[in-house]
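So the chains spell out like this:
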Amino acid sequence: MPIYNFSAGPAVLPKEVLQQAAAEMLDWQGSGMSVMEMSHRGKEFMSILAAAQYDFRELLGVPDNYKLLFMQGGAIAENAIVPLNLLGRNGRAQPATSDYINTGSWSTKSLKEARRYGNVNVAASSEESHYAQIPARESWQLSKDPAYVHICSNETIDGVEYQFTPDIGVDTNGAPLVADMSSHILSRMVDVSKYGVIYGGAQKNIGPAGLTLVVVREDLLGHALPACPSAFNWKIVADNDSMYNTPPTYAIYIAGLVFQWLKRQGGVTAMEQRNIAKAALLYDYLDSTDFYRTKIASNCRSRMNVPFFLANEALNEAFLTGAKEQGLLQLKGHKSVGGMRASIYNAMPLEGVQALVAYLKEFEKQRG
Ligand SMILES: *Cc1c(COP(=O)(O)O)cnc(C)c1O
């Protein structure tokens with residue numbers, strides 16, 4: 001029986017990637033070493049790093065005036081690293097102000113962290129609707145001259161995703177748009193040039209935990225607050241080509257294999273089409289019955305993370321037990337939301353979503 005893993009993260013990886021990593025575990029390409037055992041400054045690892053950087057840039061079409069940084073600490077550390085690097089921009093009076101759009105658990109965490117370093121203006125929030133929608137761009141109350149504007153473009157826990165790229169330039173005196181893309185990076189094409197900074201932890205859609213990807217426009221480097229730790233200073237990391245401190249070498253290697261796998265799948269545009277089809281299959285079924293419910297407005301449903309509820313929540317345990325018996329793993333919802341959640345990242349094949357929908361139907365037939 002095939003196993004399908006719907007974990008929100010760390011999450012499913014392509015089987016081909018895991019098989020290649022297993023085959024190369026003891027001896028990477030005749031080097032006599034495991035990637036884990038290599039000096040990060042040796043020519044073997046340097047070639048792995050360079051290929052991963054090249055492939056990521058090509059997959060997402062990263063323009064030449066952006067740096068790609070491989071860091072550590074995950075998106076939660078980056079929530080602090082963003083203000084530490086951007087609040088000092090343009091000789092702003094301190095403490096400077098940054099704008100946040102609150103669309104769920106992860107943006108709430110980001111803005112709370114930013115409050116430790118400066119003023120935070122919550123320019124829009126969907127908290128009152130229990131994060132069932134993205135506040136319309138026209139409703140945002142942006143500051144005149146914020147250091148930056150922050151969004152979480154896919155809320156992993158709440159299941160909302162921006163289906164548009166916000167244009168903020170005119171209102172904000174040219175402040176950069178900063179996006180936490182942890183849980184949908186490389187799942188869809190984005191126009192990188194519309195962003196100042198894109199960041200994300202790797203463990204949702206890219207590879208193992210321990211690696212954080214940061215894409216930052218070059219003019220945003222070099223403005224860090226004096227208190228910013230060196231290892232978290234984007235300019236220092238960029239000047240040292242992500243080798244200021246020892247990078248998470250094995251996680252970078254696996255991410256690189258995932259990038260090559262993505263290219264073999266036809267790249268991000270082909271993957272996006274598959275993700276649209278997978279999400280439609282699941283949402284269409286959930287919409288077709290009263291036995292299950294979704295709470296998210298149809299124009300901002302996440303293609304990656306699908307929270308849903310049984311109308312009769314007394315059946316939750318039986319649902320999860322039955323799912324596990326069918327090889328459908330980790331469907332329990334986040335504790336703050338309850339119910340169920342199916343995360344259907346790039347590495348989840350269409351067959352996995354088909355198996356889930358078949359189980360949803362079968363369970364409803366038995367218990368409905
Ligand atoms: C998972 C996640 C995080 C947290 O990542 P860590 O690696 O635990 O720091 C932050 N933001 C989003 C959108 C996430 O999905």
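Residues numbered from 1 in each chain as written. Predicted model: local features only at pLDDT ≥ 70, side-chain atom pairs only at ≥ 80, totals over all residues. Heavy atoms only, no water.

Things to note about the domain arrangement of the chain
And step 1. When the domains of the chain are assigned, the result is domain 1 (15–264) and domain 2 (267–366).
And step 2. On a C-alpha basis, the centres of domain 1 and domain 2 stand 27 Å from each other.
And step 3. Counting residues at the interface gives 25 residues for domain 1, matched by 24 residues for domain 2.
And step 4. A per-residue breakdown of the area domain 1 buries against domain 2 is headed by Ile157, Gly159 and Ser187, which together make up 24% of the total.
And step 5. Connecting domain 1 to domain 2 are zero salt bridges.
And step 6. There are 13 residue pairs in polar contact (both at pLDDT 80 or more) connecting domain 1 and domain 2.
And step 7. Counting residues per element, the ones that place at least two in the side of domain 1 that touches domain 2 are strand E7 (160–161) and helix H6 (249–264).
And step 8. Among the elements that make up the side of domain 1 that touches domain 2, the one with the highest residue count is H6 (three residues).
And step 9. Class assignment for the residues of the side of domain 1 that touches domain 2 results in ten nonpolar, ten polar and five charged. (Domains from an automatic or database assignment. Contact = heavy atoms within 4.5 Å. Buried area = accessible area lost by both parts, 1.4 Å probe. Salt bridge = Lys/Arg side-chain N within 4 Å of Asp/Glu carboxyl O. Polar contact = N/O pair within 3.5 Å; in protein donor to acceptor, adjacent residues only side chain to side chain. Helix = DSSP H or I, 4+ residues; strand = E, 2+ residues; numbered from the N terminus. Nonpolar A, V, L, I, M, F, W, Y, C, P; charged D, E, K, R; others polar.)

Comments concerning the site of the ligand
And step 1. Taken together, 13 residues are adjacent to the ligand, and Ile76, Thr156, Asp180, Gln203 and Lys204 come closest.
And step 2. Between the ligand and Asp180 there is a distance of 2.6 Å, counted from a nitrogen atom to a side-chain nitrogen or oxygen.
And step 3. One nitrogen or oxygen atom from the side chain of Gln203 is found 2.8 Å from an oxygen atom belonging to the ligand.
And step 4. Across the complex, the protein chains shield 86% of the 390 Å² of accessible surface that the ligand would expose by itself.
And step 5. Of all the elements, helix H3 (residues 74–86) adds the most residues to the shell around the ligand, at three residues. (Near = heavy atom within 4 Å. Areas by Shrake-Rupley, 256 points an atom, 1.4 Å probe, with all protein chains shown as cover.)

With respect to the sheet that holds strand E11 (residues 292–293)
And step 1. Ordered by their spatial adjacency, three strands build an open sheet running E11-E12-E14, and the pairing between neighbours is antiparallel. With partners counted over all chains shown, the strands left at the sheet margins are E11 and strand E14 (340–343), one partner each. (Pairing = 2+ DSSP bridges.)

Some points on the UniProt feature "binding site: L-glutamate" (unreviewed entry) in the chain
And step 1. Cross-referencing UniProt, the feature "binding site: L-glutamate" (unreviewed entry) maps to Arg41 in the present numbering.
And step 2. Position of Arg41 among the secondary structure elements: in the loop between helix H1 (15–23) and helix H2 (43–60).
And step 3. Beyond its immediate stretch of four places on either side in the chain, Arg41 contacts Met46 and Met243. (UniProt positions renumbered as here; feature names shortened; annotations may be inferred.)

Looking at the side chain of Ser302
And step 1. Note on placement: Ser302 falls in the loop between E11 and strand E12 (305–310).
And step 2. In contact with Ser302, other than residues within four places in its own chain, are Asn154, Gly159, Val160, Glu161 and Tyr283.

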